[in-house]
Amino acid sequence: MSTHLAARLQGFGTTVFAEMSALAVATGSVNLGQGFPDTPGPAEVLDVARAAIGTPLDQYPPGPGLPVLREAVSAHVQRFRGLAYDADTEVLVTAGATEALAGAMLGLLDPGDEVVVLEPLYDSYAAGVAMAGGVVVPVPLRPPPAPPGEVSTAPWTLDPAELRAAITPRTKLVLLNTPHNPTGKVLDRAELELVADVVREHDLLAVTDEVYEHLVFAGAEHVSLAQLPGMRERTLVVGSGGKTFSTTGWKVGWVCGPAELVACVRTAKQFLTYVNAGPFQPAVAAGLGLPDAYFAGIAAELEGKRDRLVTGLAAAGLPVVSPQATYFATVRVDGDALAFCRELPHRVGVVAVPSSVFYTPQHADLGRDLVRFAFCKRDEVLDEAVRRLTA
């Protein structure tokens, strides 16, 4: 680590995704580490982007985002969540969900403010809080037991007492990720009511990362925290087109919320990327207007891939926790997860990501032996990974 690195970023080195992706290339491994699809998105979306390139849309879009996308986001949230947001003042387009989250932290936190977040936590959360001078207060999700060679379909659990104990006089907001990466958990109604109760009781703000909202499998239902009574006025909802339309490299995200809170994010965002993805914004807008059958179809297709991978992992003798949503399944390994993932490409030619990197030091033991596998890949890729693991 450089001695010149700012103190608030000490401990944040190269991401594990970069390390594991480089290992995949160097060893010719099947890459089930980073969560990105290996098939193109829908033609209805891609064709709009192709037509937009070479037009004035290549230039700076408006700071809040193109009106066509802000209006599409507003209509989409109304359609699926029953929430009304003014496209001009309550919707902001960002460079992916990552910038929306970072902008929210920079725009809302003062030094020393505490942010309660479920753990394991996506790695950008802790960095975003640190850049804003805040302090992460993690509350662990706990995996169900999964015997070797078996698949557990029970959800990860949240302890209400641990959540309540995390609140202090310095708590400013709760950063909630559901559907949750890396566990694949979808918070149920009772758990969301618990979070809402805590937020209301202590007069907190909430920021919700809902980028996997449409990738939810049978038996689970995604509900936005902002849908609960008294929560819309104190919640920023973050979304993205990357996962929904298999366009993760476009980096088109957004944040919806009360105008006052969205203005806080916009104040920070304008000095980060300023604007982004001009030709891709109308394309994502077209995608958000696709019929219900598209959104149901992508979830069903991904559920089949989940079943394909978790069955194969169990056949390879690994204990597997099957997710309720997202791109990822979790296994428990015998030993250190990071060492396991660094050795696996050389041993069998498969790359995964150690879930241990998604834990803070105080809960390091909880994730020490957990590994995340991505199943958002073509069936033949998943089959080849399973073949190598079981050989």
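Definitions and limits used
Residues numbered from 1 in each chain as written. Predicted model: local features only at pLDDT ≥ 70, side-chain atom pairs only at ≥ 80, totals over all residues. Heavy atoms only, no water. UniProt positions renumbered as here; feature names shortened; annotations may be inferred. Helix = DSSP H or I, 4+ residues; strand = E, 2+ residues; numbered from the N terminus. Pairing = 2+ DSSP bridges. Buried < 20%, exposed > 50% of the residue type's maximum accessible area, 1.4 Å probe, protein only. Lys, Arg positive; Asp, Glu negative; His and termini not counted. Salt bridge = Lys/Arg side-chain N within 4 Å of Asp/Glu carboxyl O. Polar contact = N/O pair within 3.5 Å; in protein donor to acceptor, adjacent residues only side chain to side chain. Contact = heavy atoms within 4.5 Å. Core = buried A, V, L, I, M, F, W, Y, C linked by side-chain atoms within 4.5 Å. Axes fitted to C-alpha atoms, helices over the stretch in contact; angles between N-to-C directions. Left-handed = near helix turned anticlockwise from the far one by under 90°. Phe/Tyr/Trp six-rings, centres within 6.5 Å; stacked < 30°, edge-to-face > 60°. Lys NZ or Arg CZ within 6 Å of the ring centre and 35° of its normal. Patch = residues over 30% accessible without salt bridge, like charges linked within 9 Å, V, L, I, M, F, W, Y side chains within 5 Å. Areas by Shrake-Rupley, 256 points an atom, 1.4 Å probe, with all protein chains shown as cover. Expected span 1.5 Å × (residues − 1).

As annotated in an unreviewed UniProt entry, the chain carries the name Pyridoxal phosphate-dependent aminotransferase and is attributed to Klenkia sesuvii. The UniProt entry for the chain carries this comment under Cofactor (unreviewed entry): "pyridoxal 5'-phosphate".

Undergrad: Is there a simple way to think about unusual backbone geometry in this case?
TA: The phi angle of most residues is negative, glycine excepted, and most peptide bonds adopt the trans form. That bond from Glu119 to Pro120 is cis: its omega, 10 degrees, falls within 30 degrees of zero. Mapped onto the secondary structure, Pro120 falls in the loop between β3 (114–119) and α5 (123–131). The omega torsion across Asn181 and Pro182 is 20 degrees, close enough to zero to call that bond cis. Along the polypeptide, Pro182 turns up in the loop between β7 (171–177) and α7 (189–201).

Undergrad: Would you take a moment to explain the sheet that holds strand β15 (residues 370–374) for this structure?
TA: Read across the sheet, five strands follow the order β5-β11-β12-β15-β14 without closing on themselves; strand pairing throughout is mixed. Since the sheet does not close on itself, it has two edges, and those belong to β5 (151–152) and β14 (353–354), each with one partner. Bridge analysis of β14 against β15 gives two bridges, and the strand direction is antiparallel. If you follow Pro354 over to β15, its bridge partner there is Val371.

Undergrad: Can you walk me through the side chain of Glu119 in this structure?
TA: With respect to the secondary-structure elements, Glu119 resides in strand β3. Despite its burial, Glu119 pairs with no opposite charge; the closest candidate is Arg142, at 8.3 Å N-O. One polar contact links Glu119 to His363, side chain to side chain, over a distance of 2.4 Å. Leave out the neighbours within four places in its chain, and Glu119 touches Pro138, Val139, Pro140, Leu141, Phe358, Tyr359, Thr360 and His363.

Undergrad: What am I meant to see in the nonpolar core here?
TA: For soluble globular proteins, the rule of thumb is that nonpolar side chains tend to be buried together. In terms of nonpolar packing, the biggest core is built from 93 residues, with Met105, Leu173, Val207, Leu236, Val371 and Phe373 touching the most fellow members. If one sorts the elements of this core by residue count, helix α10 (residues 292–315) sits on top with eight residues. The contact partners of Met105, leaving out residues within four places of it in the chain, are Val115, Gly128, Val129, Ala132, Leu173 and Val207. Among the nonpolar cores identified, the runner-up in size contains 29 residues, and Val137, Leu187, Leu194 and Val195 belong to it.

Undergrad: Just to check I follow, could you spell out the packing of helix α4 (residues 96–108) against α5 for this structure?
TA: To describe two helices that pack against each other, one gives the angle between their axes and the distance between the axes. Where α4 contacts α5, the axes come no closer than 8 Å and their chain directions differ by 30 degrees. The way α4 lies across α5 gives a crossing that is right-handed. Two secondary-structure elements touch here, α4 through Thr98, Leu101, Met105 and Leu106 and α5 through Ser124, Tyr125, Gly128, Val129 and Met131.

Undergrad: Before we go on, may I ask you to explain the packing of aromatic side chains in this structure?
TA: Centre distance and the angle of the planes are the two values used to describe a pair of aromatic rings. Scanning all chains against the criterion turns up 13 aromatic pairs. On the basis of an interplanar angle of 70 degrees and a centroid distance of 5.2 Å, the ring pair of Phe80 and Phe295 is categorised as edge-to-face. Pair noted here: Phe80 is in helix α3 (residues 67–81) and Phe295 is in helix α10, with a separation of 215 residues, a long-range link. Owing to a relative accessible area of 4%, Phe295 belongs among the buried residues under this scheme. For the pair Tyr212 and Phe328, a centre-to-centre distance of 6.2 Å together with 75 degrees between the ring planes defines the contact as edge-to-face. In this pair, Tyr212 is assigned in the loop between β8 (205–209) and β9 (235–240) and Phe328 in strand β12 (residues 328–332), connecting sequence segments 116 residues apart. Looking at Tyr212, the relative accessible area reads 3%, which means it is buried. For Phe328, a relative accessible area of 1% gives the class buried. In textbook terms, an aromatic cluster arises when at least three aromatic residues are bridged by ring pairs, as seen for Phe17, Tyr122, Tyr125 and Phe358. When the ring centre of Phe328 is taken as reference, the NZ or CZ atom of Arg372 above it lies at 3.6 Å. Sitting above the plane of the Phe36 ring, Lys377 keeps its charged end 3.8 Å from the centroid.

Undergrad: I tried to follow a nonpolar patch on the surface on my own but got confused; where do I start?
TA: Nonpolar side chains collect at one region of the surface, where Leu106, Met131 and Leu272 lie side by side and expose about 240 Å² of accessible area between them. By the secondary structure assignment, Leu272 is in the loop between α8 (259–269) and α9 (280–288).

Undergrad: Sorry, what's going on with α4 here?
TA: Note that an α-helix has 3.6 residues per turn; residues three or four places apart therefore point the same way. An ideal rise of 1.5 Å per residue puts 18 Å on 13 residues; α4 measures up with 19 Å between its terminal C-alpha atoms. A large share of α4 lies buried, amounting to ten of its 13 residues. Among the residues of α4, Gly96, Ala97, Glu99, Ala100, Leu101, Ala102, Gly103, Ala104, Met105 and Leu108 are the ones counted as buried.

Undergrad: Sorry, what's going on with the environment of Asp58 here?
TA: Looking at the element boundaries, Asp58 is found in the loop between α2 (43–52) and α3. For the pair Asp58 and Pro279, spaced 221 residues apart in sequence, the C-alpha separation works out to 5.8 Å. The contact partners of Asp58, leaving out residues within four places of it in the chain, are Ala52, Ile53 and Pro279. For Asp58, the side chain forms a polar contact with the main-chain nitrogen of Gly54, separated by 2.8 Å.

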